[in-house]
Structure formats: structure tokens, C-alpha cells
Amino acid sequence: DQRTDISVYVKVEFFVNERKVKKKKTSTKSSDTSPTFNESLGFDVPRDQLANSRLVIYVVQPRLGSEKGSTTDKGQGSTTDKEIDAVRSENYIFGTVCIGGHSCVKSERQHFEDMVGAPRRPVARWH
């Protein structure tokens, strides 16, 4: 059954002042049509930079043989259509959400503010 052969992971990119400063990803979940990612991906950020920070979160299905082993890489630049297209050329993106920052919608900014107000504690919300 093709529906149960799917593998997915979550990729999180952290931006400060529209520059990508860090990215992380979860482990890959295989053969699960409703995966749960009960993993913590933490980013240490000076408090004075939080107002200009945002997270971009992708749910990704890697193309066969395209998965890379690195889970914490450093990058530069902001998330652009060109970068998203580059990820898509290698993988299939099921969805994307932006949390925090001025480029995100109000409910997503609120989620970020709730996370900032509760450091080192999980703050879950559907998007």
C-alpha cells in the first residue's frame, strides 16, 4: 500500500533579522499516515533578538535517496521562493508555517509570543 510507505520529517529554520542562522530537523517517520513528532528542537537566542526572530517549519517527504544525515547546519539568507523551490526540487513539502516575526500572520505571532513567555516548556498549537 503506497499510503503507508510514506516517510516524512519536520525541518525548522530559525531566522533573525531575515537571516537564516540555524536549521534543524526531526528524525524521519516511516510508514505512518499520521506521524507524531514528539521531539524538542531548541534554539538559544539572546532575549534582545527575539523581537526580530521567526521560525519557518516545513513538513517534508524526502525523495528516495535524498535524505541527508545532518540535523544541525548553519545557513545564511532568508527563506525565499527560490530557496523553497530548491527544497521542493529535492523533496516534497506537505506544508509550511511561519511562527513569530513580522512576516507571519497574527495567530502565528501569538504562538511565538507564548513560546517566548514560557522558556524551556512546550507550547503546542494547531496551524
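Residues numbered from 1 in each chain as written. Predicted model: local features only at pLDDT ≥ 70, side-chain atom pairs only at ≥ 80, totals over all residues. Heavy atoms only, no water.

J.: Looking at this structure, how should I read the confidence of the model for the protein chain?
T.: Regions with low pLDDT should not have their predicted coordinates read in detail. Predicted confidence across the protein chain gives a mean pLDDT of 77, with 75% of residues reaching 70 or more. In this model residues 66-78 is a low-confidence stretch, pLDDT under 50, and it forms 31 contacts with partners more than four residues away in sequence or in other chains. (pLDDT = per-residue confidence, 0-100. Contact = heavy atoms within 4.5 Å.)

J.: Would you take a moment to explain the packing of aromatic side chains for this structure?
T.: Taken as a whole and assessed by the stated rule, the structure comprises two aromatic pairs. Between Phe-14 and Phe-43 the ring centres are 5.3 Å apart and the planes differ by 20 degrees, which places this aromatic pair in the stacked class. With Phe-14 in strand S1 (residues 7-16) and Phe-43 in the loop between strand S3 (29-30) and strand S4 (53-62), this pair connects stretches of sequence that are 29 residues apart. Relative to Phe-94, the ring of Tyr-92 lies with its centre 4.9 Å away and its plane at 85 degrees, an arrangement referred to as edge-to-face. A relative accessible area of 47% places Tyr-92 in the partly exposed class. The positively charged end of Lys-24 is found above the aromatic ring belonging to Phe-43, 4.9 Å away from the centroid. (Phe/Tyr/Trp six-rings, centres within 6.5 Å; stacked < 30°, edge-to-face > 60°. Helix = DSSP H or I, 4+ residues; strand = E, 2+ residues; numbered from the N terminus. Buried < 20%, exposed > 50% of the residue type's maximum accessible area, 1.4 Å probe, protein only. Lys NZ or Arg CZ within 6 Å of the ring centre and 35° of its normal.)

J.: Would you explain a nonpolar patch on the surface in this entry?
T.: Residues Val-59, Tyr-92 and Phe-94 make up a contiguous nonpolar surface patch of roughly 280 Å² in combined accessible area. With respect to the element layout, Val-59 can be found in strand S4. Residue class for Val-59 comes out partly exposed when judged on its relative accessible area of 31%. (Patch = residues over 30% accessible without salt bridge, like charges linked within 9 Å, V, L, I, M, F, W, Y side chains within 5 Å. Areas by Shrake-Rupley, 256 points an atom, 1.4 Å probe, with all protein chains shown as cover. Salt bridge = Lys/Arg side-chain N within 4 Å of Asp/Glu carboxyl O.)

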